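Summary of structural features
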Amino acid sequence: MSLDARKLEWFHGATLVMQTPVGVGAPSSPTPPGEYYVTDILNSSGAYGSWIVALNGHSDTYTDFAGGDARLAIHGTDDPSSIGAAASHGCVHLPNNLDTTLAAAVQPGTLVEIS
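About the thresholds
Residues numbered from 1 in each chain as written. Predicted model: local features only at pLDDT ≥ 70, side-chain atom pairs only at ≥ 80, totals over all residues. Heavy atoms only, no water. Helix = DSSP H or I, 4+ residues; strand = E, 2+ residues; numbered from the N terminus. Rg over C-alpha atoms; globule rule 2.2 N^0.38 Å. Buried < 20%, exposed > 50% of the residue type's maximum accessible area, 1.4 Å probe, protein only. Arc of directions from axis to C-beta. Contact = heavy atoms within 4.5 Å. Core = buried A, V, L, I, M, F, W, Y, C linked by side-chain atoms within 4.5 Å.

Counting its regular elements, the protein contains one helix and 11 strands. Start at the N end of the protein and walk to the C end: the helices and strands fall as β-β-β-β-β-β-β-β-β-β-α-β. For 115 residues, the compact-globule estimate of 2.2 N^0.38 gives 13 Å, and the protein sits close to it at 13 Å. For the C-alpha atoms alone, the extent of the protein along its principal axes is close to 35 × 25 × 25 Å. In the protein, which comprises 115 residues, the proportion classed as buried is 40%.

Right, dumping it as structure tokens:
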């Protein structure tokens, strides 16, 4: 996942499976770069799309968020204008039609590199 390009590239081995624009953290709450792994795949609704792919990383800005841990995640959004923008609280926003595809294909332990 490239923060500068605001693009997620998903590989299975050396094969590119998906490439899509994404939303990233706003300047006041940037998405922290690093090497992470998937911890959970959570069913969701509303503001976060159908699925949340939770990561082991945490926000550098928040200690808690919406009453819970400020973990990083990849998820859909109820604000399609955030795709391609630096507008989130630190999570990576996918187009809603792709969060289901990603959630169905990854599993806990999958490596996620944000650079």
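Having seen the structure, we can now continue with the description.
The subject of this paragraph is helix H1 (residues 96-105). Those residues of H1 lying buried are Leu98, Asp99, Leu102 and Ala103. What you see down the axis of H1 is that its buried residues fit within an arc of 135°, all on one side. Exposed residues on H1 whose side chains face more than 90 degrees from its buried face are Asn97 and Ala104. The elements touched by buried residues of H1 are strand E1 (7-12), strand E2 (15-21), strand E4 (34-43), strand E5 (51-58) and strand E8 (71-75).

The biggest cluster of nonpolar side chains holds 21 residues, and the ones touching the most others in it are Met1, Leu8, Leu55, Ile74 and Leu102. Breaking this core down by element, the ones donating at least two residues are E1, E4, E5, E8, H1 and strand E11 (111-114). When residues in this core are grouped by element, the largest group, three residues, is from H1. Ignoring any residue separated from it by four or fewer positions in sequence, one finds Leu102 in contact with Trp10, Met18, Val53, Ile74 and Leu94.

Looking at the element boundaries, Val17 is found in strand E2. Put simply, Val17 and Leu102 are 85 residues apart on the chain and 9.9 Å apart in space, counted from C-alpha to C-alpha. When sequence neighbours within four positions are dropped, the list of residues in contact with Val17 reads Trp10, Phe11 and His12.

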